[in-house]
Structures are given as structure tokens and as C-alpha cells.
Amino acid sequence: MPIGTVLVANRGEIAVRIIRACHELGLRAVAVYSDADAGALHVRLADEAHRIGPAPARSSYLDVDAVLGAAKAAGADLVHPGYGLLSEDPAFAEAVAAAGLTFVGPSAEIIARMGDKVAARGVAEKCGVPVPPGTGDLTAEQAAAEAERIGFPLVVKASFGGGGRGMRVVASAAGLAEAMAAAGREAGAAFGRSEVHLERYLRPVRHVEVQVLGDAHGTVVHLADRDCSVQRRHQKLIEEAPAFGLPDALRTALREAAVTLAREVGYAGAGTVEFLVPPGSGEFFFLEMNTRLQVEHGVTELVTGLDIVATQLRIALGEPLPFTQDDVVVRGHAIQARIAAEDPWAGFRPAPGTVSGLALPLGPGVRNDFGVEPGDPVPAMYDSLFGKVLAHASDRDAARRRLVGALGELRVTGVATTAPYLRTILESASFTEGRHDTGSVEREWVPDPAEAPVALGPSTVDGPAAEAVPSRRVRISTDRGPVEIAVYGRAPRAGAVAGPSDRPSRNSVSSRATAAVAGGVPTAPMDATVVAVRVEPGREIAAGEVVAVLEAMKMEMEVRTEVGGVVGAVLVTPGTSVAAGAPLITLG
């Protein structure tokens, strides 16, 4: 492979993964970073790094001109988009090519065709692959009639992007308009495109996907299949390869359908074709195609022994696939747990902060893909995912037990994580026996706040007296269900001056809102961006009414007032950032 330079147009653990693959291939790796990521691990590992803007993703990682400016300054030959951000933006792929650089992925035309969920449905239908009843892109005015035609329940889906962003399940016509607005906002924030469409909501189903690779010489192969059915509100939590318990005929049909779709569009690069599989039916339905690397690519690498990221780079450099379909052999089973800075026992509340301590599990068959080291922040303005723990063994149950042990050894301080919760899922009877589906998290595995692990110390309040600090929980509503926020701290004594041990740590943002919450004035529960304001000065509001919608770590939260009154002033506007504890309105 000739020596070249790759600009990694991403951040976090996937940027780290790509940089390491570049180094193994003898390629120079160039990082880009926002002000929030100036000292991030991917910046430290790269051969060169360039600032591309302030913290908000729209002003940095989603700024095409800034990213391409960095590529030009670094003398890059290739641009690898990773996943998320600009990875499925055809305009970005086209701009990369127009700048004389090589995009690591399919062409802009293919991204536009398959990244458009509506157009991709058409390709599937042409190839004879079943699709759920649905629509094309539509407006709120058109949605009502189409919803009645499709029938409830249905799902509002972003027409562009992926990763479960911009999806809302609607049970009846009453919630349709708000679901479309929320899905469009989330999709616009994550991918820069807010178009949505409707599909019939199928339940119960499993989420099964097939990894494909194609080169510029017309070869397309599959790298077997994965099951990603452990999901919460369309966000994958645990993935495994191969998909368990599929009849041979169904497994073969899924793999053949994925390869047929990829060949139909002349696919070159790594991609994933996703399907919905009703358990025990022998049927499957096309869901979408992701024209990029997947978060869960690692489990496929473990069972096939193939490096998907390195193969992406080789394909981009014009090389043919170095293996045939017959060379792809699945050995054993692999399972991955996504480690996110969220508190499952508080409604999966985002938990940004600084990772003060990190000890990764070691041992045979264990792999860790992390984007942080001790002392690194998990910023509030980006996705909460900061690492993944994977386990590979001879069979599914051995891999499951190995991952349970690895999660038990994982130590993270400074932020709450999903690791303990995912361990309980892996130990459950339904997961162990393979009886779960995409609705199991909401139906069977709802975290009980009474069973929450103790998370005091560095993750909440500094100082030796942390265990004595009183706490209470405040419940707020979000677009993804209720969220309970732990508030730590004491009310100050009259005339007292706060000492070092009385001051909240960076990870104890909710304590700064204690007085405002107690007084009933709505405040920001954490550092966030204002999405919408629902009140205006002079309006009389009742207790429990929504006054604003905030967004942090890609989760929308409705902030409600605890007391009624007349709005005196609105202190925030949509699009602006607010600090934790900042008042949103005043009440007369």
C-alpha cells in the first residue's frame, strides 16, 4: 500500500479506531477537533490535528468547508467520515471528490440513493425484497390522511441519517403532529436534514442486519449477519454476531437479499443492510441501508477475523477485495456492549462530565474500543457513547458469560454509565435463551431506580464527606420518557460562606439548580441547547406546563414549571446554549 494521508472527519472512539487502522497500514492520520475536543484522545493519537471550530457540531464537525480546509492544510489524500456526523451526507462526499480527495465510502450518488430511506425502499421493492407499508417524504398536513391509510401504530422516521435518530412511534392520530416535529428536529440536529416519512410499526420483531463490502471492480460479498434487537427507543445497546437462532433458509435469504441490493446500486465500500424479522414467522422486511461503517462492526471483525476499517481504506485506494465470499468463515460468537455516559436508573439521563478514572477489562477474547482515557471529558454537546466492550468465544453462551465478566471488571468513575444495566440484561433469562426482541427493554428490562448502583464519590460530589451528602430526585419529562435527576447538596446555612467541600463538582451540575427547583422556577437540568420555547411574557401558566424544550447529548427534554403564575420574562431563545441551573423564565 502506498504511503498516504487520511483525514479522519470524526471524533471519539470511532476516530481512535480509524487512526489506529491507518497507522497499521502505514498511513498518516490527521485529526480534526472542536474547542470541546482540543485535548481529546483522537487528537493525541493522530500524526497531526487541526481545529475546525467551536464546540457545537454544526459549527465544527458538520461544517463541510472547515473539514475540507483542514484536509487541504494537512495535504490529505483520503477522507474517512467514520459514522454519524457527515458520514451519510452525499453533499459532503461530493465536496470531497470535487476537492480532488478520495472519500472512504460509496459515491455521493449511492449515498443519496440509499441514504434516502424512501428511495432505498424503492430499490428494495425493485429487487423483490419485502418492505413495510409506508410513504414518501411528507408534510404535517399530508401526514394525517397517510397515517389513516397505513394504520396505527406507526413510526415517524427521518428520511436521512441513521443510528435510530429522528424516529418516533405514534399510537394514535393525537400524537402525530408532535412526533413529526420532534423527529424532524432531532434529524436536523444530527444530520442536517429534517425530512421525515411514515412506516407501519411492526411488533414484535428482531433487528437483524447483514454486513456487506464491495469494491470498485464489481465484487460484492457479505460478512455474515448480526442481531441488534436489544434497543431502547431505536438506539442499539447490545449487538452480536452472528444473529442467533435463525433457520438456515432465512439466514441465507437475508444474506442474499443484502448482496442483491448492494449489487443493484453498484456499491463500493462498507455498508449494512438492515431488516426486521418477526420471530418464528420465516419472514423479513427491509428496514434501511446504512452507507457507512457501523458502530457494531467490531463483532463482525471478531467472528470473521477480517479488519473492516482496513478493508475500507484499501477499497478507497482502488484495490480489489483481498478475499472472496468463500473465504468468509464465521468462527464462534461475539457480543458487544455500548458504554454510554447515561444513567439508566434515572430514565437514561445524559451524564456528561470528566472520566476521572478508567480501568478496562483484560483477558482472552475481550476487546475494548474507547475514545477516552482517565482525565478526558465526555462533552454534553455530542453523543453519549464513549466506548464499547466486546467479547468473543466459541459459542453464544460462552461469549455472553465472558462479556458479563468483562463488564463486571470495567471501572469508570466521574460519569454514570450504562455498563451495570447492560450486565443485568446479559444475565437475564430472556437474553440468555434468545427470546427477546426490539421491545424487550421497555417491556421486560425497565431499570428500577430502587436497584440503582451506588454512584457517589467522583461521579457526583467531591470531598471525603461525599457519602454524607443528602440527595433527592427531580422528575422531568423528555421526548423519550420520564427522566429522574439526582440532586445532591444541602441548602446553605444563613450567613454561611461556601467552602471547597460545599462547592459542586463539574459532574454535580444538578446541585446548582437545587434552589431554583425548590422555588418552582424552571431551570436547565444540565448544560443544554434550547430547542423550543413554549411560553411568552404575560401568559398565565399552570403547574406542570411545559415552558421549554432542551437538547443535550442528542436527547430532547421538556422542562415544566412546578408552580403556576404569570410569565414575567423569557430568558432564553431557541438555538442558544444554557448552563445547568440557569433559569429559563421568571414568574410574576
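Residues numbered from 1 in each chain as written. Predicted model: local features only at pLDDT ≥ 70, side-chain atom pairs only at ≥ 80, totals over all residues. Heavy atoms only, no water.

**Q** What am I meant to see in the environment of Arg255 here?
**A** Mapped onto the fold, Arg255 is located in helix α9 (residues 248-264). Each C-alpha atom of the pair Arg255 and Glu209 lies 8.7 Å from the other, and the pair is 46 residues apart in sequence. Residue contacts for Arg255: discarding those within four places in its chain leaves Val210, His222, Ala224 and Asp225. (Helix = DSSP H or I, 4+ residues; strand = E, 2+ residues; numbered from the N terminus. Contact = heavy atoms within 4.5 Å.)

**Q** Looking at this structure, I do not really get the nonpolar core. What am I missing?
**A** Here is a general trend for soluble globular proteins: nonpolar side chains tend to be buried in one another's company. If you look at the biggest cluster of nonpolar residues, it comprises 36 residues, and the most contacted ones within it are Ile238, Phe386, Leu407 and Tyr421. Those elements giving two or more residues to this core turn out to be β11 (235-241), β14 (333-340), β21 (385-393), α12 (396-409) and α13 (419-426). At six residues, the largest contribution of residues to this core is made by α12. Leaving out residues up to four positions away in the same chain, Phe386 has contacts with Glu13, Ile339, Ala340, Ala341, Phe370, Gly371, Val372, Val378, Val412, Val415 and Thr417. If you look at the next biggest cluster of nonpolar residues, it comprises 33 residues, including Cys22, Leu293, Ile308 and Leu385. (Core = buried A, V, L, I, M, F, W, Y, C linked by side-chain atoms within 4.5 Å. Buried < 20%, exposed > 50% of the residue type's maximum accessible area, 1.4 Å probe, protein only.)

**Q** I tried to follow the pattern of salt bridges on my own but got confused; where do I start?
**A** In a structure, side chains of opposite charge can pair up when their charged atoms sit close to one another. Counted under the stated rule, the structure contains 37 salt bridges. Between Arg255 and Asp225 there is a salt bridge; the shortest N-O distance is 2.7 Å. Taken as a pair, Arg255 in helix α9 and Asp225 in strand β10 (residues 220-232) lie far apart in primary sequence, 30 residues in all. Each member of the pair, Arg255 together with Asp225, is buried. (Salt bridge = Lys/Arg side-chain N within 4 Å of Asp/Glu carboxyl O.)

**Q** Would you take a moment to explain the packing of helix α5 (residues 108-115) against helix α6 (residues 117-126) for this structure?
**A** Each pair of packed helices can be described by the angle between their axes along with the distance between the axes. At their nearest, the axes of α5 and α6 sit 5 Å apart, and the two run at 85 degrees to each other. Taken together, the axes of α5 and α6 lie roughly perpendicular to each other. Facing Arg113, Met114 and Gly115 of α5, the residues of α6 in contact are Lys117, Ala119, Ala120 and Val123. Of the residues assigned to the contact of α5 with α6, the class counts are four nonpolar, one polar and two charged. (Axes fitted to C-alpha atoms, helices over the stretch in contact; angles between N-to-C directions. Parallel < 35°, antiparallel > 145°, perpendicular 65-115°, else oblique. Nonpolar A, V, L, I, M, F, W, Y, C, P; charged D, E, K, R; others polar.)

**Q** How should I be thinking about the sheet that holds strand β19 (residues 366-370) in this particular structure?
**A** Two modes of strand pairing occur in sheets, parallel and antiparallel, and in both the strands are linked by backbone hydrogen bonds. Read from one edge to the other, the open sheet built from eight strands follows the order β13-β12-β9-β10-β11-β14-β21-β19, with strand pairing classed as antiparallel. Looking at strand neighbours, the two that pair on one side only are β13 (285-290) and β19, the edges of this open sheet. Neighbour to neighbour, the strand axes of the sheet diverge by 25 degrees on average, direction disregarded. By the bridge criterion, four bridges tie β10 to β11 in an arrangement that is antiparallel. Counterpart to Gln231 in the pairing with β11 is Lys236. Against the sheet, helix α1 (residues 12-24) makes contact with β19 and β21, and its axis sits at roughly 110 degrees relative to β19, the strand it touches most. Those strands touched by α9 are β9 (206-214), β10, β12 (269-277) and β13, and its axis lies near 115 degrees from that of β10. (Pairing = 2+ DSSP bridges.)

**Q** Can you walk me through the pairing of β14 in this structure?
**A** In summary, the side chains of a regular strand alternate between the two faces of the sheet. Among the eight residues in β14, eight count as buried, and that is most of the element. Of the two faces of β14, both are covered, the one formed by His333, Ile335, Ala337 and Ile339 as well as the one formed by Ala334, Gln336, Arg338 and Ala340. In terms of strand pairing, β11 meets β14 through four bridges, oriented antiparallel. The residue bridging Glu240 from the neighbouring strand is Ile335, located in β14. With eight bridges connecting them, β14 and β21 associate as antiparallel partners. Across the sheet, residue Ile335 finds its bridge partner in β21, namely Ala391.

**Q** What is the right way to read the sheet that holds strand β6 (residues 154-158) from this model?
**A** Taking strand neighbours across the sheet as the criterion, the three strands line up as β7-β6-β8 in an open arrangement whose pairing is antiparallel. At either end of the open sheet lies a strand with only one pairing partner, and these are β7 (167-170) and β8 (196-200). Taken over all neighbouring pairs, the strand axes of this sheet differ in orientation by 25 degrees on average, direction set aside. Relative to β8, β6 runs antiparallel, the two being bridged by five bridges. When the bridges of β8 are listed, Leu154 appears paired with Arg200.

**Q** How should empty space enclosed by the protein be read in this particular structure?
**A** It is the rolling of a water-molecule-sized probe over the atoms that shows where space remains empty. All told, the structure shown has two cavities of 30 Å³ or more when counted by the stated rule. Taken as a whole, the second largest cavity spans an internal volume of roughly 30 Å³. Contributing to the lining of the second largest cavity are Pro81, Gly82, Ser87, Phe103, Val104, Gly105, Pro106, Thr291, Arg292, Leu293 and Gln312. Classifying every residue of the lining of the second largest cavity gives five nonpolar, five polar and one charged. (1 Å grid on protein atoms, 1.4 Å probe; cavity = no way out; pocket = protein on both sides within 12 Å on 5 of 7 lines; lining within 4 Å. Points joined across faces, edges and corners; volume = space filled by probe spheres on them.)

**Q** It is not clear to me how the pairing of β11 should be interpreted in this structure. Could you clarify?
**A** Counted residue by residue, β11 has seven buried out of seven residues, so it is predominantly covered. Here β10 folds back onto β11 in antiparallel fashion, the turn holding two residues, of which Arg233 has a positive phi close to 50 degrees.

**Q** It is not clear to me how the packing of helix α3 (residues 64-74) against helix α4 (residues 90-98) should be interpreted in this structure. Could you clarify?
**A** Where α3 contacts α4, the two axes come as close as 11 Å, and the packing angle between them is 30 degrees. The orientation of α3 relative to α4 falls into the category roughly parallel. Crossing of α3 over α4 shows right-handed handedness. Across the interface between the two elements, Val64, Val67 and Leu68 of α3 pack against Phe92, Ala95 and Val96 of α4. In the contact of α3 with α4, the residues fall into six nonpolar, no polar and no charged. (Left-handed = near helix turned anticlockwise from the far one by under 90°.)

**Q** I keep staring at unusual backbone geometry and nothing clicks. Help me out?
**A** Residues apart from glycine generally show negative phi values, whereas peptide bonds are mostly found in trans. Phe152 connects to Pro153 through a cis peptide bond whose omega is 0 degrees. Checked against the element boundaries, Pro153 lands in the loop between α7 (140-150) and β6. Backbone torsion omega between Arg203 and Pro204 reads -5 degrees, so that peptide bond is classified as cis. If you trace the backbone, Pro204 turns up in the loop between β8 and β9. Despite not being glycine, Ala224 shows a phi value in the positive range, around 70 degrees. Note on placement: Ala224 falls in strand β10. For Arg233, which is not glycine, the phi torsion reads 50 degrees and is therefore positive. Along the chain, Arg233 falls in the loop between β10 and β11.

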